[in-house]
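The chain contents come next:
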Amino acid sequence: AQSVTQPDIHITVSEGASLELRCNYSYGATPYLFWYVQSPGQGLQLLLKYFSGDTLVQGIKGFEAEFKRSQSSFNLRKPSVHWSDAAEYFCAVGAYNFNKFYFGSGTKLNVKP
Amino acid sequence: GAGVSQSPSNKVTEKGKDVELRCDPISGHTALYWYRQRLGQGLEFLIYFQGNSAPDKSGLPSDRFSAERTGESVSTLTIQRTQQEDSAVYLCATRDRHYEQYFGPGTRLTVT
């Protein structure tokens, strides 16, 4: 069965520190992978996506993610976190024909000043 | 409009009542999705519309849930005989030709 696991429910990092949010997926075919951010009071916004090609993808707001097929992972990274990055982050897998998307349960990021 | 809009933004209803939630898509986006987000959880797929094709209803949790969309226009999600476990935020999203989803702000449904 298709599923997405985000093992960290909450993460706290200091402003300026590096960040890595974990995402593992289970999907029978080549996955289409996404990361979304949900800020308080705002809708979900796409950070980046991976369909094929270079396994390191760059997104908005200085985020990047790396697809590792052998580990079924698509971890999100940022070298230096800003206070405005505090939000909830969701990893998602798109079905091969995009008729549905499977979302992880999210990771809430707190940023310490 | 510039983005996906949903109405109402908040809805409080009594158990057993029917509710109707509305989604206004981005013009030109043929694909539309409904999701449910329970408190502290991820998004749960409910239903998918693509143009005039038959919708994918595989995520609807019970026959109390139904949704309609005519062509590429407004979609409505109806929940009949609401139960307390239906309390959640209901999100609508449309998808562009680059397979990117654009989400509405959601409708927060509270069943008392």
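Here goes a summary of the coordinates provided.

About the criteria used
- Residues numbered from 1 in each chain as written.
- Chains lettered and ligands numbered in written order.
- Predicted model: local features only at pLDDT ≥ 70, side-chain atom pairs only at ≥ 80, totals over all residues.
- Heavy atoms only, no water.
- Helix = DSSP H or I, 4+ residues; strand = E, 2+ residues; numbered from the N terminus.
- Contact = heavy atoms within 4.5 Å.
- Buried < 20%, exposed > 50% of the residue type's maximum accessible area, 1.4 Å probe, protein only.
- Pairing = 2+ DSSP bridges.
- Phe/Tyr/Trp six-rings, centres within 6.5 Å; stacked < 30°, edge-to-face > 60°.
- Axes fitted to C-alpha atoms, helices over the stretch in contact; angles between N-to-C directions.
- Core = buried A, V, L, I, M, F, W, Y, C linked by side-chain atoms within 4.5 Å.

What to know about the environment of N75 of chain A
All names here are of chain A. Tracing the sequence through the fold places N75 in strand β9 (residues 73-78). Residues N75 and L21 lie 54 residues apart in sequence; the distance between their C-alpha atoms is 5.6 Å. The contact partners of N75, leaving out residues within four places of it in the chain, are E20, L21, R22, C23, W35, E64, A65 and E66.

Remarks on the pairing of strand β5 (residues 32-38) of chain A
Residues and elements named next belong to chain A. When you tally the buried positions in β5, you get six out of seven residues, the bulk of the element. Here seven bridges tie β5 to strand β10 (residues 87-94), and the two strands are oriented antiparallel to one another. When the sheet's bridge partners are listed, W35 is paired in β10 with C91. When β5 meets strand β6 (residues 44-50), the two strands line up antiparallel, connected through six bridges. By the bridge assignment for β6, V37 is matched with Q45.

So, the packing of aromatic side chains
Residue and element names in this part refer to chain A. With the rule as written, the count across this model stands at 22 aromatic pairs over all chains. Where Y50 meets F74, the ring centres are 6.4 Å apart and the plane angle is 45°; that geometry is what we call tilted. Here Y50, found in strand β6, pairs with F74, found in strand β9; they are 24 residues apart in sequence, far enough to count as distant.

Things to note about the sheet that holds strand β3 (residues 19-24) of chain B
Residues and elements named next belong to chain B. Taken together, four strands build an open sheet; the order of strands is β1-β3-β7-β6 and the sheet is antiparallel. Looking at strand neighbours, the two that pair on one side only are β1 (5-7) and β6 (65-69), the edges of this open sheet. Ignoring which end each strand starts from, the neighbouring axes of this sheet average 15° apart. The sheet contact formed by β3 and strand β7 (residues 75-79) spans five bridges and is antiparallel.

Side note on the nonpolar core
All names here are of chain A. Residues L19, W35, L47, L48, F74, L76 and Y89 are the most contacted members of the largest nonpolar core, which totals 28 residues. Elements represented by at least two residues in this core include exactly β2 (10-14), β3 (19-21), β5, β6, β8 (64-68), β9, β10 and β12 (107-112). Broken down by element, this core gets its largest block of residues, four residues, from β10. In this structure L48 touches L33, F34, W35, V57, Q58, G59, F63, E64, A65, F74 and L76, once residues within four positions along its chain are discounted.

All we've got here are geometric facts, nothing functional implied.
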